[in-house]
Amino acid sequence: MGVERTMEYISELLKMRRKKKKKPMQTVALRVARIDCEGCERKIKQILSGVKGVKSVVVDGKQQKVTVMGYIEPKKVLEAAKSTRKKVELWPYVPYTMVANPYISQAYDKKAPPNMVRKVPDTASVNETTVDDSYTIMFSDENPNSCSIM
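Residues numbered from 1 in each chain as written. Predicted model: local features only at pLDDT ≥ 70, side-chain atom pairs only at ≥ 80, totals over all residues. Heavy atoms only, no water.

1. Overview of the confidence of the model for the chain
Moving on, step 1. In this model, the chain carries an average pLDDT of 81, and 77% of its residues clear a pLDDT of 70 or more.
Moving on, step 2. Mean pLDDT in the chain bottoms out at helix α4 (residues 133–138), which sits at 63, and peaks at strand β3 (residues 65–70), which reaches 96. (pLDDT = per-residue confidence, 0-100. Helix = DSSP H or I, 4+ residues; strand = E, 2+ residues; numbered from the N terminus.)

And the structure:
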């Protein structure tokens, strides 16, 4: 009976090991401020490569973007990136064609890469722009008290 129980115990351990799910392959994009030189890029790449499950790290100093691929959790990658003592956030930009109103004040960002805007919720509307309604009414053709120059 001793050998039989040992075999059952080993088979149970093997079953438990097979049931353990592997994390899905993910790509995490981060915006890291102040990537000034190759030394900064190397430091960020070295720290993020040390995170368990990371397969590759791509640092783009021009766009201030870091892309991490692997079997990872975004929170752990973000924490590791913050250990570089630089301002770090998840990549906030999307192509402007993906946003319903790309020209509202919340979406437009001077620092965004070309053809990109900040990702904003769809609840943001055109009414939330910086243009005041009084200016549009002031120069309207339907307004009898409008500007005489028009």
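2. Topic: unusual backbone geometry
Moving on, step 1. Phi is positive for R85, which is not a glycine, with a value near 65°.
Moving on, step 2. Secondary-structure assignment places R85 in the loop between α3 (74–82) and β4 (88–90).
Moving on, step 3. Of note in this structure, N115 is not a glycine but carries a positive phi near 60°.
Moving on, step 4. Inspection of the secondary structure assignment puts N115 in the loop between β5 (93–95) and β6 (116–118).

3. Quick notes on α3
Moving on, step 1. Three or more residues of α3 are buried, namely V77, L78, A80 and A81. One face of α3 carries all of its buried residues, which in axial projection span an arc of 165°. When the buried face of α3 is taken as reference, the exposed residues oriented beyond 90 degrees from it are K75 and E79.
Moving on, step 2. The inward-facing, buried residues of α3 abut β1 (26–32), α2 (38–49), β3 and β4. (Buried < 20%, exposed > 50% of the residue type's maximum accessible area, 1.4 Å probe, protein only. Arc of directions from axis to C-beta. Contact = heavy atoms within 4.5 Å.)

4. Observations concerning the packing of aromatic side chains
Any aromatic ring pair is given by two values, namely how distant the centres are and how the planes are angled relative to each other.
Moving on, step 1. Taken as a whole and judged by the stated rule, the model has one aromatic pair.
Moving on, step 2. On the basis of an interplanar angle of 80° and a centroid distance of 5.2 Å, the ring pair of W91 and Y93 is categorised as edge-to-face.
Moving on, step 3. The ring of W91 carries the charged tip of K65 above its face, separated from the ring centre by 4.7 Å. (Phe/Tyr/Trp six-rings, centres within 6.5 Å; stacked < 30°, edge-to-face > 60°. Lys NZ or Arg CZ within 6 Å of the ring centre and 35° of its normal.)

5. Considering the environment of M116
Moving on, step 1. Examined against the element boundaries, M116 turns out to sit in strand β6.
Moving on, step 2. Classification of M116 by relative accessible area gives partly exposed; the value is 22%.
Moving on, step 3. Between the C-alpha atoms of M116 and P92, which are 24 residues apart in sequence, the distance is 9.6 Å.
Moving on, step 4. Residues within four places of M116 in sequence aside, it is in contact with W91, Y93, V94, P95 and Y96.

6. Let's talk about the side chain of D109
Moving on, step 1. Within the element layout of this structure, D109 appears in the loop between β5 and β6.
Moving on, step 2. In this structure, D109 is in contact with Y93 and R118, ignoring residues within four places of it in sequence.

7. Describing the pattern of salt bridges
Moving on, step 1. As enumerated under the stated definition, the model contains three salt bridges in all.
Moving on, step 2. The partner of R118 in a salt bridge is E89, with the nearest N and O atoms 3.9 Å apart. Of the two residues, R118 sits in strand β6 while E89 sits in strand β4, which places them 29 residues apart along the sequence.
Moving on, step 3. E89 sits in the partly exposed class, given a relative accessible area of 24%.
Moving on, step 4. Residues participating in the shared-partner salt-bridge network are R31, E89, D109 and R118. (Salt bridge = Lys/Arg side-chain N within 4 Å of Asp/Glu carboxyl O.)

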